[in-house]
Amino acid sequence: MFREPKRVGASAELRERLQKQPENHKYTHGHALVLSGGSGRTGAARLAARGALRIGAGLVTLGVPPAAQQEVAAQVTAVMLTRIGDGSAFEKVLEDTRINALCLGPALGLSDEKPVLVEAALKSGRPCVLDADALTLIAADPALFALLHDKCVLTPHGGEFDRLFPDIARQLRKEATSGSAYSKVDATRDASKRAGCTVLFKGPDTVIASPDGTCAINSSAYERAAPWLATAGSGDVLAGFITGLLARGFTPQQAAETGAWLHTECALGFGPGLIAEDLSEALPEVLRKLLA
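Described in the following lines is the structure provided in the data block. (Residues numbered from 1 in each chain as written. Predicted model: local features only at pLDDT ≥ 70, side-chain atom pairs only at ≥ 80, totals over all residues. Heavy atoms only, no water.)

**Things to note about the overall build of the protein chain**
Scanning the protein chain for helices and strands turns up 13 helices and ten strands. Taken over the C-alpha atoms alone, the protein chain extends approximately 60 × 45 × 35 Å along its principal axes. Residues classed as buried in the protein chain amount to 53% of the 292 residues present. A total accessible area of about 12900 Å² is found for the protein chain, and carbon and sulfur atoms account for 52% of it. The protein chain carries 31 positive and 32 negative side-chain charges, and their two centres are separated by 3 Å. (Helix = DSSP H or I, 4+ residues; strand = E, 2+ residues; numbered from the N terminus. Buried < 20%, exposed > 50% of the residue type's maximum accessible area, 1.4 Å probe, protein only. Areas by Shrake-Rupley, 256 points an atom, 1.4 Å probe, with all protein chains shown as cover. Lys, Arg positive; Asp, Glu negative; His and termini not counted. Charge placed at Lys NZ, Arg CZ, Asp CG, Glu CD.)

Right, here's the structure in full:
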């Protein structure tokens, strides 16, 4: 049954979900794990981890290759570290059932051992945000694509969407000559059904769809225009926001909608001069106003 896509906004339901209760403790709000790239490629994962922590995950751990451990340790404090050098090490870490949300992709890399990490994450069945390099790996490997499940969130920009869903992307680019045009909403819904998971198709008109037909639009245009989000690392922070919300128990659709909306609100609150590091630091003021 067709359902009109909704606009993401600050509803009473959203405010209630974002609240924390006095009797809760850190594990009540989940433990997120973000995988990092190697030495010299750790910044994106650190941005995602910071975002997950700021948005309220009780604990956040960075999984780092051994060669990058010192580099990352010098840059983080509240975010924890664990060494993950290969698939077997990752599987060992995942034996901790308190880890309840994963983020893979930001500057993860595309070397031969990386698909094994994506495979282990997907086979764990945990809620998982797949971004950047993880999307490229999945697009290149039908076996990985087949492992996607309904607790995943894919966060492609236009180029990544084209690699993941080339035929859908071609149809979206095709000029309509009669009848209704094939829209970004149509494309995202079709992609979500094919992948069997939530898809967040980035842009000033970000569309978020799930296989059951649920769809939402997060506008960063007109009165909510946030052109400062066009900066390196912005998408990594968004991936972290969504991961943190998954750790807190949000459904994939809820986490993607809420993360996208707060991402834009942070940019609007900060304004010109924004760089990716500022997004997580702008979040407390956004939440303070929202939850007051």
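Still to come is the rest of the account.
**Quick word on the environment of Gly 249**
Mapped onto the elements, Gly 249 comes out in the loop between helix 11 (234–247) and helix 12 (252–270). Spatially, the C-alpha atoms of Gly 249 and His 29 are 7.4 Å apart, while their sequence positions differ by 220 residues.

**Here we look at the packing of aromatic side chains**
Across all of its chains, the model carries three aromatic pairs by this definition. Judged by centre distance (6.0 Å) and plane angle (80 degrees), the rings of Phe 145 and Phe 165 are edge-to-face. Of the two residues, Phe 145 sits in helix 7 (residues 142–145) while Phe 165 sits in the loop between helix 8 (158–164) and helix 9 (166–173), which places them 20 residues apart along the sequence. Clustering of aromatic rings is evident, with ring pairs tying together Phe 145, Phe 161, Phe 165 and Phe 201. (Phe/Tyr/Trp six-rings, centres within 6.5 Å; stacked < 30°, edge-to-face > 60°.)

**A look at unusual backbone geometry**
Peptide bonds are mostly trans, and most non-glycine residues show a negative phi. Look at Ala 132: it is not a glycine, yet its phi comes out positive at around 50 degrees. Within the secondary structure, Ala 132 is located in helix 6 (residues 132–140). One non-glycine residue, Tyr 222, lies in the positive phi region at around 55 degrees. In this fold, Tyr 222 is placed in the loop between strand 10 (215–219) and helix 11.

**Some remarks on the sheet that holds strand 3 (residues 59–64)**
A sheet is described by the order of its strands in space; here ten strands give the open sequence 1-10-9-8-7-6-5-2-3-4, paired in mixed fashion. Pairing within the sheet leaves two strands with one partner each, and these edge strands are strand 1 (6–7) and strand 4 (80–83). The pairing of strand 7 (residues 152–154) with strand 8 (residues 198–201) spans two bridges and is classified as parallel. For Leu 154, the partnering residue across the bridge sits in strand 8 and is Val 199. Packed on one face of the sheet, helix 5 (residues 114–123) meets strand 2 (31–35), strand 5 (99–104), strand 6 (128–130) and strand 7 and runs near 145 degrees to strand 5. The strands that helix 11 touches are strand 2, strand 5, strand 6, strand 7 and strand 8; relative to strand 5, the one it contacts most, it runs at about 165 degrees. (Pairing = 2+ DSSP bridges. Contact = heavy atoms within 4.5 Å. Axes fitted to C-alpha atoms, helices over the stretch in contact; angles between N-to-C directions.)

**Quick look at the packing of helix 5 against helix 6**
Interaxial distance between helix 5 and helix 6 falls to 10 Å at its minimum, and their mutual angle equals 90 degrees. The angle between the axes of helix 5 and helix 6 places the two elements in the roughly perpendicular class. On the side of helix 5, the interface is formed by Lys 114, Pro 115 and Val 118, while helix 6 contributes Ala 134, Leu 137 and Ile 138. Tallied by class, the residues present in the contact of helix 5 with helix 6 amount to five nonpolar, no polar and one charged. (Parallel < 35°, antiparallel > 145°, perpendicular 65-115°, else oblique. Nonpolar A, V, L, I, M, F, W, Y, C, P; charged D, E, K, R; others polar.)

**Notes on the pattern of salt bridges**
In this structure the tally under the stated criterion is 14 salt bridges. A salt bridge links Asp 96 to Arg 98, with the shortest nitrogen-to-oxygen separation between them at 3.2 Å. For Arg 98, a relative accessible area of 45% translates into the label partly exposed. Ionic contacts of the salt-bridge type, sharing partners, join the residues Arg 50, Arg 54 and Glu 281 into one network. (Salt bridge = Lys/Arg side-chain N within 4 Å of Asp/Glu carboxyl O.)

Worth remembering: the numbers are spatial, not functional.
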